[in-house]
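Coordinate analysis (summary)
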Amino acid sequence: MLVLRRLRHPLPRPLLASSISSCWSSKTKGKGRPAMASSSSSASAAVVAEGSAARRFWIAASTREAAFAAYTPFLLSLAAGNLRLDAFRHYIAQDAHFLHAFARAYEMAEDCADDDDDRATIAALRKAILQELNLHSSVLKEWGVDPTKEIPPSVATTKYTDFLLATAAGKVDGAKGSDKMVTPFEKTKIAAYTVGAMTPCMRLYAYLGKELTAFLKQDENHPYKKWINTYASSDFEDNALQIEELLDKLSVSLTGEELEIIGKLYQQAMKLEVEFFSAQLVDQPVVAPLSRYCGAKYKLLVFSDFDLTCTIVDSSAILAEIAILSFQKSSQSGIDNTLDRTKSADLRNSWNMLSKQYMEEYEECMERLLPSEESKSLDYDQLYKGLEVLAEFEKLANSRVVDSGVLRGMNLEDIRKAGERLILQDGCKNFFQKIGRTRESLNLDIHILSYCWCAELIRSAFSSVGCLDGVNIHSNEFAFEGSVSTGEIDRKMQSPLDKVEKFKSIKSGTDSTAPLLSVYIGDSVGDLLCLLEADIGIVVGSSTSLRRVGKQFGVSFVPLFPGLVEKQRQLTEQDASVFKARSGVLYTVSSWSEIHAFILGSDFS
């Protein structure tokens, strides 16, 4: 259970020490980021800064909005090939309304551009949009429909087109309309703003087209093959690159403040794209969002691990560092005390030795629990027996930590402050916050099952970002005398077996007239039994140990989006769930945004 449990993400000690020590600074009583967060952000910014402005904007938006668009009922059903024609007809009509506005915005941007090459590029892009409109028209004419007359624009479509045309008219952050511009530079700036608001649509559609082509290979008679191929084509990719290059060129002469405005316009356009897809009328059973799939039919139970599933750092390392720094803090008397420094060094050496021993023995433990031959299908019983070896190992490791006394002397308030500064994975906070806002309207319970030594650290982490309400936390607890830790741990959850037994206990103890549907989110071998016992097991991160052990016992790992497309194909009007526990299939995600989109949908769904 120790830090060592997953030292595949080691944290440099200077960063960890500076982060924890900041908990005692009078300047950090708020909720600011600790030192390691700013260092990490700076490193990421340096990498991103090497690319173009258009690329930076896409990277920032794609981690969230692209997932929210892909996981909408409309696109999942379209990818599965069972989207009803009425729904597609409605979408084409809405898209036609949007593309007319898109073409008009290009026309307005062309008028604002002061460079002949830029005008020529915009004119070529506008021509491509008009060709796309012709494609839409040809599809609808086959049905004998005039979309502009028979299907009026929806609220989401109108909201998007109004935003686009207002931007093209120069109505950005209170700026004057383009018809009142007096200098070429001011007009060019409006052209840059307009292109910035149009680029995300092009890039998102190119991205979605490529994502969906895989499903054409599975079904040569896919009913929406023509639509998918349009956006997966090299011609459309060229158009997306062309508008991105134009955005980069128009951005060169802009100030940092003006580039920030373009970034906000880009992000707003991406959100409007998600809202546009979310608003499409899909009157049929769908597997996502899961909250809609469950509806009144199922009680939804969501379970999640904490360390390295919700956080970017293992809490064991944080707690050990607090203990070491607590000793230094308590021994400071303003006098050079060689004995205190020696004791502090001994404490750190003890922790380092425990960590090293754990890492070495963990690898040996992994080798012992693996069967000699890879199973062709899930062998749950053998996996359970194998993980009994890991359970004994984890208990012994915890006993060593307690016996070492390394966790003695921590102040409860310091633990809470450290919890406030724990950094959650991208998108995790938003997921839990939305559950907090909407849980009364959802038939949903959420539980954290964690090996963390001190549940107060978890409570503080969620409380500090407004996510604690409604979250049930099941973990270990420190023993305290007053507000100071004794070094003992009330060991309620130490192993994969403890976790899965708690999982089963919660399910059996849930009072619900509706049948239960469970989701478990985890990242390590310790989560494997719960992942498989859940109706839907979702793996965060890329643990090689988890995949190695899982594969050897017959577990398959499937990316979540294609996995859901397959489930969408299986879905019928019948009540039987397409999700089953112990199926042997676990779903992988690259971010919490995918989990959010799948379980809760976007804010517009």
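Before going into details, it helps to say that this report is about the structure given with it. (Residues numbered from 1 in each chain as written. Predicted model: local features only at pLDDT ≥ 70, side-chain atom pairs only at ≥ 80, totals over all residues. Heavy atoms only, no water.)

1. Remarks on the overall build of the chain
From N to C terminus, the chain includes 24 helices and 9 strands. Evaluated residue by residue, the chain yields a buried proportion of 54% over its 605 residues. A separation threshold of at least 6 residues defines the contact pool for the chain, and within that pool the share at least 24 residues apart is 81%. Summing over all exposed atoms, the chain offers an accessible surface of approximately 25,700 Å²; the carbon and sulfur share of this is 49%. (Helix = DSSP H or I, 4+ residues; strand = E, 2+ residues; numbered from the N terminus. Buried < 20%, exposed > 50% of the residue type's maximum accessible area, 1.4 Å probe, protein only. Contact = heavy atoms within 4.5 Å. Areas by Shrake-Rupley, 256 points an atom, 1.4 Å probe, with all protein chains shown as cover.)

2. Quick word on the pairing of strand β4 (residues 477–481)
The pairing of β4 with strand β5 (residues 484–490) spans 4 bridges and is antiparallel. Residue pairing for β5: Glu-481 is matched across the bridge by Val-484. With antiparallel pairing between neighbouring strands as the criterion, β4 and β5 make up a hairpin whose turn holds 2 residues, including Gly-482 at a positive phi of roughly 70 degrees. (Pairing = 2+ DSSP bridges.)

3. Overview of the sheet that holds strand β7 (residues 536–540)
Here we have 7 strands laid out as an open sheet, ordered β3-β2-β1-β6-β7-β9-β8, and parallel in their pairing. Both edges of this open sheet fall to β3 (471–474) and β8 (556–559), since each of them pairs with a single strand only. For this sheet the average axis-to-axis angle between neighbouring strands, irrespective of direction, equals 25 degrees. Taken together, the 5 bridges between strand β1 (residues 299–304) and strand β2 (residues 444–449) define a ladder with parallel strand orientation. Following the sheet pairing, Phe-303 is matched in β2 by His-447. Against the sheet, helix α22 (residues 544–552) makes contact with β7, β8 and β9 (585–589), and its axis sits at roughly 125 degrees relative to β8, the strand it touches most. (Axes fitted to C-alpha atoms, helices over the stretch in contact; angles between N-to-C directions.)

4. Looking at the nonpolar core
With 152 residues, the main nonpolar core has Trp-227, Phe-432 and Phe-598 as its most contacted residues. When residues in this core are grouped by element, the largest group, 16 residues, is from helix α9 (residues 184–218). Residues Phe-303, Met-366, Leu-383 and Ile-506 belong to the second largest nonpolar core, which totals 38 residues. (Core = buried A, V, L, I, M, F, W, Y, C linked by side-chain atoms within 4.5 Å.)

5. A closer look at the side chain of Thr-121
On the secondary structure map, Thr-121 appears in helix α6 (residues 116–141). Once you skip the residues sitting within four places of it in the chain, Thr-121 turns out to touch Gln-242 and Leu-246.

6. Brief notes about the pattern of salt bridges
In the structure shown here, the tally under the stated rule is 29 salt bridges. By sharing partners, the salt bridges in this structure join Arg-203, Lys-210, Glu-237 and Glu-244 into a single network. (Salt bridge = Lys/Arg side-chain N within 4 Å of Asp/Glu carboxyl O.)

7. Re the pairing of β3
In this sheet, β3 lies alongside β2 in parallel orientation, the contact comprising 4 bridges. Directly across from Ile-448, in β3, lies its bridge partner Ile-473.

8. Considerations on the environment of Ala-514
Checked against the element boundaries, Ala-514 lands in the loop between α20 (496–509) and β6 (516–522). When the C-alpha atoms of Ala-514 and Lys-297 are compared, they prove to be 6.1 Å apart, with 217 residues separating the residues in sequence. Not counting residues up to four positions away in its chain, the partners in contact with Ala-514 are Ala-296, Lys-297, Tyr-298 and Lys-299.

9. Brief notes about the packing of helix α3 (residues 53–70) against helix α24 (residues 592–599)
Interaxial distance between α3 and α24 falls to 8 Å at its minimum, and their mutual angle equals 25 degrees. When the interaxial angle is binned, α3 and α24 end up roughly parallel. The handedness of the crossing between α3 and α24 comes out as right-handed. Within the contact between the two elements, α3 uses Thr-63, Arg-64, Ala-67 and Phe-68 and α24 uses Ser-593, Glu-594, His-596 and Ala-597. In terms of residue class, the contact of α3 with α24 is made up of 3 nonpolar, 3 polar and 2 charged. (Parallel < 35°, antiparallel > 145°, perpendicular 65-115°, else oblique. Left-handed = near helix turned anticlockwise from the far one by under 90°. Nonpolar A, V, L, I, M, F, W, Y, C, P; charged D, E, K, R; others polar.)

10. Structural notes on helix α19 (residues 455–464)
Judged by how many residues are buried, α19 sits mostly within the fold: 8 of 10 residues are covered. Within α19 the residues assigned to the buried category are Ala-455, Glu-456, Leu-457, Ile-458, Ser-460, Ala-461, Phe-462 and Ser-464. Positive backbone phi, at 70 degrees, marks Gly-466, one or two positions downstream of α19.

Bear in mind that shape data such as this cannot, by itself, settle questions of function.
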